[in-house]
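# Topology and contacts: notes
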Amino acid sequence: MNSYIMYTSVIILLTISFFKDKKKTKMALKKAWKSFENILSQLIGVMILVGLLLSVFNAELISKLIGSESGWFGVILSAIVGAITLIPGFVAFPTAAMLLDNGAGYMQIGAFVSTLMMVGVVTAPVEIKYFGKRLTILRNIFAFIFSFIVAYIVGKVASGIWF
Amino acid sequence: MVLIKRYRFALITTLILAVMLLINRELGLKAISITGFSLKEMISVIPPVFILLGLLDVWVPKETMMKYMGEESGIKGIVLSFILGSVAAGPLYGAFPIAAVFMKKGVRLSNVLIFIGAWSTTKIPMLLFEISALGARFAIARLLVDIPGIILISYVLSSLMKAEEVSQIYENAELL
């Protein structure tokens, strides 16, 4: 649904741009292609890497490791799994809900969802291309640590202990 | 030769995939189908993102971007970076090329990082989806912790970067 909105708005913008200035529009498309080609190799590599990882780390294995009894060990483990894997949100949320149903705790799921979104180990090669090594590593480390704060608070609120 | 070097990463991962397929056929096939799924997602999101950044690059003057999101943009810049990151769709790697155009246009580093942070965690369409899957308490608590967290991380990160490192990143963005 999201991509339909994106496509429609881009087509509208492109049409307006075309009528206003053909040369500029052509230049925009050229730039778009150049930037795309620039990271194509990294993107394909990342996709394959994700495929490899997810074929090994399946939902069963994950929920076995991060049950609500698993405490901080489970939180750390889910944070690591979330940091490494890259699952699109539309798959990630139902997966997280399924893990909850299978006995995972809110705190563990909070850590998993947070690192899943903020930390990208497999996408790091793409990120480094744009931000350099140091900033990429720092950003991911900070996001990883921050995810524990998120996990703690979300865990308390979602299980009804707070508020 | 140049082409091989350019596509080194893709080639290596393809090789690993091939080896896995030989060792464990079942896992290999599963990996291929998951990769196919991700590629399909990429095709559905990436073309509009790149066309959008091409248009942005050509049509929006540097002065405008600097005024709203540059060094002197203050709270206005923070709010705008948040909104732009939150309304977008697509996985995080789609945000990086746009961030590069932002840097080209003189957007300050902390705002670029807020944009990346918002894109990764506070996307509005995703929030509705999160509420329906994990409950409102979970989703809203996460959102309320994430917003100050993203701003804090962005400022700490940009203060940790040395001036020459930042200018190197910005120069690199010109080439991308």
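Each chain has its residues counted from 1, following the order in which its sequence is written. Chains carry letters from A onward and ligands carry numbers from 1 onward, assigned in written order. This being a predicted model, a pLDDT of at least 70 is required before a residue's local features are given, and a value of 80 or more before pairs of side-chain atoms are given or counted; all residues contribute to the totals for chains, interfaces and linings. Side-chain numbers here rest on the full set of heavy atoms in the structure, without hydrogens or water.

What follows covers the pattern of salt bridges. Take a side-chain nitrogen of Lys or Arg and a carboxyl oxygen of Asp or Glu: if they are within 4 Å of each other, that pair is a salt bridge. The tally for this structure, following the rule as stated, stands at nine salt bridges over all chains. Two residues, K31(A) and D57(B), come together in a salt bridge whose shortest N-O distance is 3.3 Å. Residue K31(A) is located in helix α2 (residues 22-56), and its partner D57(B) is located in helix α3 (residues 25-59); the two belong to separate chains. The buried label goes to any residue with under 20% of its type's maximum accessible area, the exposed label to any with over 50%, and the partly exposed label to all in between, with areas taken from a 1.4 Å probe on protein chains only. Judged by its relative accessible area of 10%, D57(B) is buried. D57(B) is the salt-bridge partner of K105(B), the closest N and O atoms lying 3.6 Å from each other. Placement of K105(B) in the loop between α6 (95-104) and α7 (109-121) and of D57(B) in helix α3 is noted, with a sequence separation of 48 residues between them. Several salt bridges converge on common partners, so that one network encompasses K31(A), D57(B), K104(B) and K105(B). Helix and strand definitions follow DSSP, with helices as H or I runs of at least four residues and strands as E runs of at least two, each counted in order from the N terminus.

In this section: the nonpolar core. Residues and elements named next belong to chain A. Within the largest apolar cluster, 86 residues are counted, with the highest numbers of intra-cluster contacts made by I109, V113 and F131. Tallying contributions element by element places helix α7 (residues 124-158) first for this core, with 11 residues. In terms of nonpolar packing, the next biggest core, distinct from the first, is built from six residues, M107, A111, F148 and A151 among them. To define a nonpolar core, start from buried Ala, Val, Leu, Ile, Met, Phe, Trp, Tyr and Cys residues and group those joined through side-chain atoms within 4.5 Å.

Further remarks concern the domain arrangement of chain B. Annotation comment: domain bounds sourced from an automatic or database domain assignment. For chain B, the domain assignment lists domain 1 (1-44) and domain 2 (60-175). Computed from C-alpha atoms alone, the centre-to-centre distance between domain 1 of chain B and domain 2 of chain B is 30 Å.

It is worth spelling out the domain arrangement of chain A at this point. Residues and elements named next belong to chain A. In terms of domains, chain A is made up of domain 1 (1-44) and domain 2 (57-158). Each of domain 1 and domain 2 has a C-alpha centre, and these two points are 32 Å apart. For this analysis, residues touch if any pair of their heavy atoms sits within 4.5 Å. Listed by partner, the interface residues are six residues for domain 1 and five residues for domain 2. At the boundary of domain 1 with domain 2, total buried surface from both sides reaches about 440 Å², with 62% on carbon and sulfur atoms. Summed over the shared surface of domain 1 and domain 2, the number is zero salt bridges. Here the quantity called buried area is the accessible surface, traced with a 1.4 Å probe, that two parts lose on coming together, added over both.

The next thing to look at is the packing of α7(B) against helix α9 (residues 136-160) of chain B. All names here are of chain B. Axes here refer to lines fitted to C-alpha atoms; in helices the fit is confined to the stretch in contact. Angles between the N-to-C directions go from 0 to 180 degrees. Direction vectors running N to C along α7 and α9 enclose 150°, while the axes themselves pass 8 Å from each other. As summarised for this structure, α7 and α9 are arranged roughly antiparallel, according to the angle between their axes. The crossing of α7 and α9 is right-handed. Contact with α7, carried on its side by L109, S110, L113, I114, G117, A118 and T121, involves R142, D146, I150, I151, S154, Y155, L157 and S158 of α9 and no other residues of that element. Each residue is assigned to one class: nonpolar for Ala, Val, Leu, Ile, Met, Phe, Trp, Tyr, Cys and Pro, charged for Asp, Glu, Lys and Arg, and polar for all the others, Gly among them. Residues belonging to the contact of α7 with α9 are distributed by class as follows: eight nonpolar, five polar and two charged. In these notes the angle categories are as follows: under 35 degrees is roughly parallel, over 145 is roughly antiparallel, 65 to 115 is roughly perpendicular, and the rest is oblique. Helix crossings fall into two classes, left-handed where the near helix is turned counterclockwise from the far one by less than a right angle and right-handed where it is turned clockwise.

Glancing now at the side chain of S78(A). Residue and element names in this part refer to chain A. Topologically, S78 is positioned in helix α4 (residues 71-84). Given the relative accessible area of 1%, S78 is considered buried. Apart from the residues within four sequence positions on either side, S78 is in contact with I66, Q108, F112 and T115.

Tallying the contact residues gives 76 residues for chain A and 74 residues for chain B. Area buried by chain A at its contact with chain B is led by M47(A), Y130(A) and F131(A), which between them contribute 11% of it. Taken together, the links from chain A to chain B amount to three salt bridges. Any pair of N or O atoms that falls within 3.5 Å is considered a polar contact. Within protein, one atom must be able to donate a hydrogen and the other to accept it, and sequence-neighbouring residues count only if both atoms are side-chain atoms. Along the contact surface separating chain A from chain B lie 13 residue pairs in polar contact (both at pLDDT 80 or more).

Along the polypeptide, I16(A) turns up in helix α1 (residues 2-20). Residues I16(A) and N38(A), 22 residues apart in the sequence, show an inter-C-alpha distance of 27 Å.

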